[in-house]
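Summary of structural features
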Protein chains: 2
Amino acid sequence: MTVDQEFSRLEDHRLAVGRGRFHESVRRADLAHLRVVRSAVAHGRLDGVDVAEAAAVPGVLGVFTAADLPDGPPIPARQPSPGIDFTPYLQPPLAREWVRHVGEPVAFVVAEDAYVAEDAARLVDVAISELPPVLDARRADGTTVESLAGVPARVGTIDTGYGDVAGAFDQAATVVELELDTGRHSAMPLENRGLTVGFDHDTERLVVWGAAKVPFWNRNVIARYLGVPDDRLHMRESDVGGSFGIRGELYAEDLLTVWAASRLRRTIRWVEDREEHLLAANHARQQHHRVRAAFTPEGRMTALDDEAWLDTGAYIRTHGAVVAALTAGMFAGPYRVPAFRSQVHLVVTNKMGVGTYRAPGRFQNNAAREHLMDLAASRLGLSPEEVRLRNLPTGEETPDARPMRIFGAPMLLDGGDHHGHVTKALATVGWDTWTARAGRARSEGRAVGVGMAAILEKAGLGHENAVVSVDTSGGVRVAVGSTSVGQGAETVLAIAAAEVLGVPPQAVRVVLSDTDTLHDGGGTFASRTTVVAGTAVHQAAEQVRDRAARTAARILQAEPEDVVVRDGFAASRHAPKRQLPLGALAQAAAAPGFLRPGEEPGLIARSTFSAPTMTYPPGVHFAEVEVDTDIGEVRVTRYAVTYEIGRTMHEGMARGQVTGGVAQGIGGALYEDLPYDADGVPLVRSQRDYRVPLARDLPDIEVHLFEDVPAPGNPLGVRGVGEAGIAGAGAAVMNAVRDALQLTAPLPRLPLTQATVLRAIRDRDAPAR
Amino acid sequence: MTVDQEFSRLEDHRLAVGRGRFHESVRRADLAHLRVVRSAVAHGRLDGVDVAEAAAVPGVLGVFTAADLPDGPPIPARQPSPGIDFTPYLQPPLAREWVRHVGEPVAFVVAEDAYVAEDAARLVDVAISELPPVLDARRADGTTVESLAGVPARVGTIDTGYGDVAGAFDQAATVVELELDTGRHSAMPLENRGLTVGFDHDTERLVVWGAAKVPFWNRNVIARYLGVPDDRLHMRESDVGGSFGIRGELYAEDLLTVWAASRLRRTIRWVEDREEHLLAANHARQQHHRVRAAFTPEGRMTALDDEAWLDTGAYIRTHGAVVAALTAGMFAGPYRVPAFRSQVHLVVTNKMGVGTYRAPGRFQNNAAREHLMDLAASRLGLSPEEVRLRNLPTGEETPDARPMRIFGAPMLLDGGDHHGHVTKALATVGWDTWTARAGRARSEGRAVGVGMAAILEKAGLGHENAVVSVDTSGGVRVAVGSTSVGQGAETVLAIAAAEVLGVPPQAVRVVLSDTDTLHDGGGTFASRTTVVAGTAVHQAAEQVRDRAARTAARILQAEPEDVVVRDGFAASRHAPKRQLPLGALAQAAAAPGFLRPGEEPGLIARSTFSAPTMTYPPGVHFAEVEVDTDIGEVRVTRYAVTYEIGRTMHEGMARGQVTGGVAQGIGGALYEDLPYDADGVPLVRSQRDYRVPLARDLPDIEVHLFEDVPAPGNPLGVRGVGEAGIAGAGAAVMNAVRDALQLTAPLPRLPLTQATVLRAIRDRDAPAR
């Protein structure tokens, strides 16, 4: 059964009427508030924390420092990276001996009232002997870090590739190279981070609202920190106002808030303010790339070689080296690259730690590589599209396993004919009209340009568990380890069950990320929910349907294969009038007479889907920009994305993902940045200073979803779509700006702030030395 | 691994320190209280309910009558009984047109304060046109009931048996007969019934604390009543202060309280007071038996024939005809009975409805049959033990399938050599010393007597589900559909997992009756928890252990069968020093590389155990009494029970079950009764008037648990022990009193109140007419 894809998202009604289940919606009579005291200094020795004055404030329930906390392990890395020992670089929940960035938690206050907590927090006296901050990863590389027990600033290197790179460069007809800096960004979700932790006096359990992304992993880490069994914690399903990778990783505040609830046996809420979000929620993206490519005279790439420095900030955060691995592993993008090497060095500094942010690594590596492709096109005298087409594998060359691994899994290009995708993309958007229009505009003296970026995306990783059940009322429930981060997971997973069980998606209740409902779960990241969780739901729903059919067949004295399950009923196709409601079948399926040995009573099935490799769909970004050359302001005037989605589960939501991604990507391409001053003090401390794109900054965004190549690795054929819109945005905008300004040199950094653009214009117009 | 059986119950610490999880322990800021307005009239037409005055009381949140409630179905029967349609006899949650017993709910008040609710409830004006009450089931049999739409007062008859009964009586050498009334009793748990229902504003779900016995079934019925999917309700694990069958069946108040929480979107608590408990919690046991048996000259029973009337009270309650089915089906007890018939007529009256009460049917049928055996002994000139031994099947005759079914299942006597059990019992207690001592006392003029009762018990019925898991900290969790009713389920189920996994029971967390943790569950009744749930846990734990061993084997590069799991570690028996903690294995077992297709990630296993038939263990009760013939007071001076338990899981708990059962049985044998006056008004309305046995009323109770015949139907070999102590108490005490008074006639009724005993003495001493 095909579900009508255009119904509203299941989440929307509750969100629209103000009944979202945010952690701040939780009302509790015993609610207290937590406020973190943070370092105002980037780097130094922590000489002492005096809490006496704060503790004396009426309404304060407690002021705690590292000395009060258990001697637990620091915040661990969730994903190990073979060959790199993160241990010395991990963050303690509260600073003990050293502070390593402005915003680092050094103490916290719990009070009856949030304002009292904030006021009291200001009275905590933190004594620090300052050290010079380290702010440049490339310069820090090679040094050691006193405040991390003298370990090297370089945490490690992700080094990947294959083939004879040096040989290829020796024999190259043309070598093109550039350096690119990508800025420090942050995802800036609408809802600040936070959590509410209830203490259940009945069971002595801790109930956590506001966990997102990887609740099972977080639960286990927190339990280890508290020294209790995992199930002493109950992570509850919550709505969140956006994640984009930043929310739901385990932060110091998660440990502190749960610990406080356990210690004080009360409900504790912590919500960061926007300044705290900017200071102490994961930053992202800051890298410096040195990339070069070798070409034959015909413009065929023979080698690609990148070396990059990733500024990890003060500590290695929970994602470990995931960003570096994706930066390096996917650096080649969709191209046929006979010899390839990419090295990413992770180097600690005295800034906020960095984490994953929607399309981690690809926003950066697409920018570096695709800008290089445009530069190569100029050098080779080819059009940007032509140099790309010459280097894209065709349908005959795919599926193709690159001789390398990502996250330990083989990298199998399963997205079909990349050459064909780009050809179709160019035709679909009418690329020649774009270039013609830009050319006309420039001939009129306007700085208009167009740029494209051919990208390789990826989706689906690891495993996810689903339980699908039908209750005795006929109600369908889906429980999955994935989380809702605003992306519509509820809707898409309801569809996955509904289309199998022949019920409307609205009849399906979806329980996400509730650690009491499932024994184990993955989470939501890496565009994996539809691919991995959707498949697990699909498989479990198929088992439930088959069980319903089998049960009905016994009652109807029919063959199971003759039983059709639809609209909440089962009937034999030979006697369609005798319809058995699913609820009655659920009841029958729990009766001993209907149970096979080992079978669970009722209409229930569990499934785990484990993606053996990721799926790698192609896409193309197209941007048109106009530059105000007087003030260096770039305006994106047209944008289009093509993307091989495999199969669309819900058209509106898929388009929304791409459109939102482009908007967010344009922010990173043009406006957003998190600079630090020479003392390591962040210059951006309020929303006003972090310029995210507004509606008026954005053109209409064309989205063309191709369903030409269903993903072979999952029965739904889906490929994920969460990161498609953002991954190529920096690249396409940068190429369009270079075109608009008719630069011969590459642009040096993202975002293309007015200052950067003005400098590029000045360099272009400067007399050659 | 054998677990030390003598540790304290896991429940005890929390109960001893006042941290029991009773529903009244639940604290909520939005708590409101519900009070039921009840009929003061036994039978009548409900003319009107005026709530205006009550609704105007400050602090009252609402006063509700049947008109406010959904047109939902009445309270259903949980167990159907083929051939009997209970529908016309079912109770609406609030009376609509008729009231049928004193205490029937007609309205309810919800108020901020429990006292305000109670005061306001008194202001509800209930207008009733009275009808004459029907108070005698035998006399009502054959009439119709106006207040139940004119249906017959006889709901139906359970009629069971086999063989040529009439022919056997025709040819009998001796026929013995008697009539026996058993009184109306109630289990009188320490904690009154009640529940607390929270409204979860985050999820719009209803959270129910205080559900016991059959939470899954109750959840589904309540959901149907509210018209919501099952999982809109979350039945939470709670401690309860005793059940004995009375608590946890679905009552009107359960529906009303949940409905009120849903309607008012608040936490609502309802707790009955003791008067309400006496008026409106299930009564039990009231039956009238006419029984006769045919004997050969050698004292061999050739036929047994019983006809009984069961006073169901005003409505058929949730257990349907379970008591009647057990009364009839198990009437023959352990004896070899060539021809057997037992009919139990269910007849409605205008008293409180009756339900199951610990050893339902057997307290009564053992009394009738065993008193008949003593009467037969007198007639046949045999000793009481001799007449029993002549009619008990030996080891050669068992296992024996009686040609009849109970609850649709064959009745297989699997308890071994009944003759042998009684022989061993007589020797173990030293029965000849009992009879000698009584004889000596009587020769000294004291009315001392001894009595025995050979019983057949049963345990284990239906199915139960268990989930056993090990978390990444190594913590073991067991989740089961059974409930804790104070019997130590937590401890015994922890043992069932612990002995398989080689951990101490204290390391196991047991989650009972939480409807969010399991998809489906049975419940706790019929001495089934150890047998059915214990087996499910045992099986699931075995799977977890095997999975742990398999996972460890891969890591250790050993054969799975060489891996030993003990003390929280797994190791190869060839290299015992390399120990892998269970927590680490739990983590490994969730890793995709370790998963087999279809396998759930982690160390987790689910098992359902479905008992194909019940297990039927033998037991013997022995009582010594002394009667104060001046005032008719009976004192039990010595008591012993032997019981074939199959296998003891926890010695102290098993003995406690038997001892407590005997105490409770002595209450029913001597003191407890719930009489009604001629208007159908209950005479017992406070604890003071319902004389339960006190410590000073009880002798030391000898308990002899035999482990001679492990139950063949389950891998633990257990037979259940919850009802063994009560089932034969009425019979043994009655026989002892008859012996003490040296009656030739049978005693006419239980309990043997002083009036009954005095009448028996008077009848004995009256000149024969």
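Just so it is clear, the structure is predicted and the values come from calculations on it, not from any experiment. Position labels on residues start from 1 in each chain and follow its written sequence. Just so you know, chain letters begin at A and ligand numbers begin at 1, following the order they were written in. Reporting of local features is limited, given that this is a predicted model, to residues whose pLDDT is at least 70; pairs of side-chain atoms are given and counted only at 80 or more, and all residues count toward the totals for whole chains, interfaces and linings.

Looking at the nonpolar core
Joining buried Ala, Val, Leu, Ile, Met, Phe, Trp, Tyr and Cys residues through C-beta atoms within 7 Å gives a set, and that set is a nonpolar core. Residues with at least 20 neighbouring C-beta atoms inside 10 Å of their own are called buried, those with 12 or fewer are called exposed, and the rest are partly exposed, where every C-beta is derived from the backbone. By size, the foremost hydrophobic cluster in this structure holds 253 residues, and its most contacted members are A:A497, A:V537, A:V733 and A:V737. Element by element, the count of residues in this core is highest for helix α15 (residues 529–556) of chain A, at twelve residues. With 250 residues, the next largest nonpolar core counts B:F199, B:A605, B:A724 and B:M734 among its residues. What counts as a helix is a DSSP run of H or I of at least four residues, what counts as a strand is a run of E of at least two, and both are numbered from the N terminus.

Details of the confidence of the model for chain A
Residues with a pLDDT of 70 or more make up 99% of chain A, whose mean pLDDT is 94. Two numbers describe this predicted complex: its pTM, 0.88, and its ipTM, 0.82. For every residue, the predictor assigns a confidence score, pLDDT, that lies between 0 and 100.

Description of the sheet that holds strand β5 (residues 105–111) of chain B
Residue and element names in this part refer to chain B. Two strands pair under a simple rule: DSSP has to find at least two bridges between them. Overall, mixed pairing links the seven strands, which are arranged β3-β5-β1-β14-β11-β12-β13 in an open sheet. Two strands in the sheet have a free side with no partner beyond their single neighbour: β3 (60–65) and β13 (233–236). Sheet twist, expressed as the mean angle between neighbouring strand axes with direction ignored, is 20°. Looking at chain direction, strand β1 (residues 31–38) and strand β14 (residues 267–271) are connected through three bridges and run parallel. Interaxial angles span 0 to 180 degrees and are taken between N-to-C directions of axes, which are lines fitted to C-alpha atoms, for helices over the stretch in contact.

A few points about the relation of the copies chain A and chain B
Here the copies are matched by least squares. The fit uses the C-alpha atoms of residues with pLDDT of at least 70 in both. Overlay of chain A on chain B (RMSD 0.0 Å): rotation 180°, translation along the axis 0.0 Å. One copy is carried onto the other by what is essentially a two-fold rotation axis.

Digging into the interface of chain A and chain B
Put simply, an interface is often sized by how much accessible area is lost when its parts join up. Taken residue by residue, the interface counts 37 residues in chain A and 37 residues in chain B. Of all the elements in the fold, those that place two or more residues in the side of chain A that touches chain B are α6 (215–226), β21 (462–470) and β27 (603–611) of chain A. Considering every element that reaches the side of chain A that touches chain B, the biggest residue donor is β27(A), with four residues. In this description, any two residues whose backbone-derived C-beta atoms lie within 7 Å of each other are considered to be in contact.

As for the pairing of β21(A)
The two faces of a sheet get side chains in turn, since along a regular strand they alternate between them. Residues and elements named next belong to chain A. Summarising burial for β21: eight of the nine residues are buried, a large majority. When β21 meets β27, the two strands line up antiparallel, connected through nine bridges. Looking at β27, one finds that V470 is bridged to L603. Bridge count for β21 against strand β22 (residues 476–480) is five bridges, and the pairing is antiparallel.

Side note on the packing of helix α10 (residues 362–380) of chain A against helix α19 (residues 729–741) of chain A
Residue and element names in this part refer to chain A. At a closest axis distance of 8 Å, the pairing of α10 and α19 adopts a crossing angle of 30°. Taken together, α10 and α19 sit at an angle that is classed as roughly parallel. Crossing hand, α10 versus α19: right-handed. Together, F363, N366, A367, E370, H371 and D374 of α10 and G730, A731, M734, N735 and R738 of α19 make up the contact between the two elements. Nonpolar residues are Ala, Val, Leu, Ile, Met, Phe, Trp, Tyr, Cys and Pro. Charged residues are Asp, Glu, Lys and Arg, and all others, Gly as well, are polar. The class makeup of the residues in the contact of α10 with α19 is four nonpolar, four polar and three charged. Roughly parallel refers to an angle under 35 degrees, roughly antiparallel to one over 145, roughly perpendicular to one between 65 and 115, and oblique to any angle outside these ranges. Definitions for this section: a left-handed crossing has its near helix turned counterclockwise from the far helix by less than a right angle. A right-handed crossing has that turn clockwise.

Some points on the domain arrangement of chain A
Residue ranges for the domains trace back to a domain assignment, done automatically or taken from a database. Taken domain by domain, chain A consists of domain 1 (11–131 + 193–271), domain 2 (366–459 + 615–765) and domain 3 (461–611). Relative to domain 2 of chain A, the C-alpha centre of domain 1 of chain A lies at a distance of 37 Å.

Some thoughts on the packing of helix α14 (residues 489–501) of chain A against α15(A)
Residue and element names in this part refer to chain A. The geometry of α14 relative to α15 is characterised by a closest axis approach of 8 Å and an angle of 30° between their N-to-C directions. With respect to α15, the element α14 is oriented roughly parallel. Pair α14 / α15 crosses with right-handed handedness. Touching A489, V492, L493, A496, A497, V500 and L501 of α14 are T529, T530, A533, G534, V537, H538, A541, E542, V544 and R545, all from α15. Residue classes in the contact of α14 with α15 are distributed as eleven nonpolar, four polar and two charged.

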